[in-house]
Amino acid sequence: MTVSDRVFQRMKDIGMSQKEFSEKTGIAQSTISEWKSKGNNPTAEKIMPICSVLDVTPEWLLSGATVRGNRSRKPDFYVIDKESEIGQIIGEISSMDQSKLDRLIGYMEALSEK
């Protein structure tokens, strides 16, 4: 199953029309129609908006894989929308110099000790 196949299957599962999907993702209806008619897949910059609207993980959208139970290997990374609260925090952290970063880590460690 391709990425576009999973998009259309998920839309069907949740009862979402192409028009509604287009409005929520900001992706042109003509582009979505091309995915279906030509078998094209969404471009990389469309993955996060698609995942957000369809309420799926990028891992599932790209591969169809899901984490089941506690035997699956946990990912070594997080995929976070940079517009989310956590994404904004990470953006601020990434712009800090080393001394501010060290102080922040110290604060976080102190807070976690309670």
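Scroll up for the structure.
Everything quoted here is computed from the prediction, not taken from an experiment.

### Structural notes on unusual backbone geometry
Then, number 1: The phi torsion at Asp55 lies on the positive side, around 55°, for a residue other than glycine.
Then, number 2: By the secondary structure assignment, Asp55 is in the loop between helix H4 (47-54) and helix H5 (58-63).

### Some points on the packing of helix H2 (residues 18-25) against helix H3 (residues 29-38)
Then, number 1: Between H2 and H3, whose axes approach to 9 Å, the crossing angle comes to 125°. On the basis of their axis angle, the class for H2 and H3 is oblique. Crossing handedness for the pair H2 and H3: right-handed. From H2, Gln18, Lys19, Phe21 and Ser22 reach across to H3, where they touch Gln29, Ile32, Ser33, Trp35 and Lys36.
Then, number 2: Tallied by class, the residues present in the contact of H2 with H3 amount to three nonpolar, four polar and two charged.

### Quick notes on the side chain of Ser4
Then, number 1: Checked against the element boundaries, Ser4 lands in helix H1 (residues 3-14).
Then, number 2: Beyond its immediate chain neighbours, meaning those up to four positions away, Ser4 contacts Trp35, Gly39, Asn40, Asn41 and Pro42.

### Some words on the environment of Ser22
Then, number 1: Along the polypeptide, Ser22 turns up in helix H2.
Then, number 2: Residue classification places Ser22 among the buried residues on the basis of a relative accessible area of 11%.
Then, number 3: Separated by ten residues in the primary sequence, Ser22 and Ile32 place their C-alpha atoms 7.6 Å from one another.

### So, the packing of aromatic side chains
Then, number 1: Applying the stated criterion to the full structure yields one aromatic pair.
Then, number 2: Considering the side-chain rings of Phe21 and Trp35, the 6.4 Å spacing of their centres and the 70° angle between planes classify their relative orientation as edge-to-face. Of the two residues, Phe21 is situated in helix H2 and Trp35 in helix H3; the sequence distance between them amounts to 14 residues.
Then, number 3: Take Trp35: its relative accessible area is 4%, and that puts it in the buried class.

Rules behind the numbers
- Residues numbered from 1 in each chain as written.
- Predicted model: local features only at pLDDT ≥ 70, side-chain atom pairs only at ≥ 80, totals over all residues.
- Heavy atoms only, no water.
- Helix = DSSP H or I, 4+ residues; strand = E, 2+ residues; numbered from the N terminus.
- Axes fitted to C-alpha atoms, helices over the stretch in contact; angles between N-to-C directions.
- Parallel < 35°, antiparallel > 145°, perpendicular 65-115°, else oblique.
- Left-handed = near helix turned anticlockwise from the far one by under 90°.
- Contact = heavy atoms within 4.5 Å.
- Nonpolar A, V, L, I, M, F, W, Y, C, P; charged D, E, K, R; others polar.
- Buried < 20%, exposed > 50% of the residue type's maximum accessible area, 1.4 Å probe, protein only.
- Phe/Tyr/Trp six-rings, centres within 6.5 Å; stacked < 30°, edge-to-face > 60°.

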